[in-house]
Amino acid sequence: MALRLILGFDYGTKQIGVAVGQVVTGQARELCTLKAQNGIPDWNQVEALIKEWKPDAVVVGLPLNMDGTPSDMCARAEKFARRLNGRFNLPFYTHDERLTTFEAKGERLARGGQKGSYRDNPVDAIAAALLLQGWLDENTALFES
């Protein structure tokens, strides 16, 4: 099956950023930020996104340490990816998301500054778009099948 549309998730214990990517254009953009309780989203909201966008696959960011080793959050992010697969029968990929939140904060500043705290005005969806864009950039061979 050829991939056309992909949803990207920047997994966190309090918030999960969501982005959408088009394989044809090779572009990703932010969608929304979902609230989470100890890493567990409102699965009805996730299901609504899956039904609305009908993705061919999902990409979940892996929060690796700067030296490339798995962080404490990696296992939780991978479990979230497996749950997406189990609930919605979608293929999943993981992608190194090191520095995406840092880069997303810079992106927010470049767009006109941060208003209030990052807790009140999160950058998770921007981080999701950045990690999904990175995945799209690195995986063009998958799209030619």
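Above this text you will find the structure in question.
Predicted model only: the values in this text are computed from it and were never measured.

Caption draft 1: The arrangement of a positive patch on the surface in detail. A contiguous patch of positive charge, built from R76, K79, R82, R83 and R87, is present on the exposed surface. Relative to the helices and strands, R76 is located in helix α2 (residues 74-88).

Caption draft 2: Structural detail: the nonpolar core. Counting 23 residues, the largest nonpolar core has F9, V60, F80 and L84 as the members making the most contacts within it. Among the secondary structure elements, those contributing two or more residues to this core are β1 (5-10), β2 (15-22), β3 (27-37), α1 (43-53), β5 (57-62) and α2. It is α2 that provides the largest number of residues to this core, a total of 6 residues. Setting aside chain neighbours within four positions, we find L84 in contact with F9, W43, V46, V58, V60, N89 and L90. Ranked by size, the runner-up nonpolar core spans 13 residues in total, among them L3, A19, V23 and L132.

Caption draft 3: Up close: the packing of aromatic side chains. Counted under the stated rule, the structure contains 5 aromatic pairs. Ring centres of Y11 and F80 lie 5.1 Å apart, and the angle between their planes is 35°; this geometry places the pair in the tilted category. Linking Y11 in the loop between β1 and β2 with F80 in helix α2, this pair joins segments that are 69 residues apart in sequence. Measuring from ring centre to ring centre gives 6.4 Å for W43 and F88, while their planes differ by 45°; the resulting arrangement is tilted. You can see W43 sitting in helix α1 and its partner F88 sitting in helix α2, a full 45 residues away along the chain. Residues W43 and F88 agree in their burial class; the two are buried. Taken together through their ring pairs, the aromatic side chains of F9, Y11, W43, F80 and F88 make up a single cluster.

Caption draft 4: Representation of the layout of surface pockets within the structure. When its volume is computed, the largest pocket comes out at roughly 170 Å³. Y11, G12, T13, M73 and D124 are, among the 11 residues lining the largest pocket, the residues nearest its centre.

Definitions and cut-offs
Residues numbered from 1 in each chain as written. Predicted model: local features only at pLDDT ≥ 70, side-chain atom pairs only at ≥ 80, totals over all residues. Heavy atoms only, no water. Patch = residues over 30% accessible without salt bridge, like charges linked within 9 Å, V, L, I, M, F, W, Y side chains within 5 Å. Areas by Shrake-Rupley, 256 points an atom, 1.4 Å probe, with all protein chains shown as cover. Salt bridge = Lys/Arg side-chain N within 4 Å of Asp/Glu carboxyl O. Lys, Arg positive; Asp, Glu negative; His and termini not counted. Charge placed at Lys NZ, Arg CZ, Asp CG, Glu CD. Helix = DSSP H or I, 4+ residues; strand = E, 2+ residues; numbered from the N terminus. Core = buried A, V, L, I, M, F, W, Y, C linked by side-chain atoms within 4.5 Å. Buried < 20%, exposed > 50% of the residue type's maximum accessible area, 1.4 Å probe, protein only. Contact = heavy atoms within 4.5 Å. Phe/Tyr/Trp six-rings, centres within 6.5 Å; stacked < 30°, edge-to-face > 60°. 1 Å grid on protein atoms, 1.4 Å probe; cavity = no way out; pocket = protein on both sides within 12 Å on 5 of 7 lines; lining within 4 Å. Points joined across faces, edges and corners; volume = space filled by probe spheres on them.

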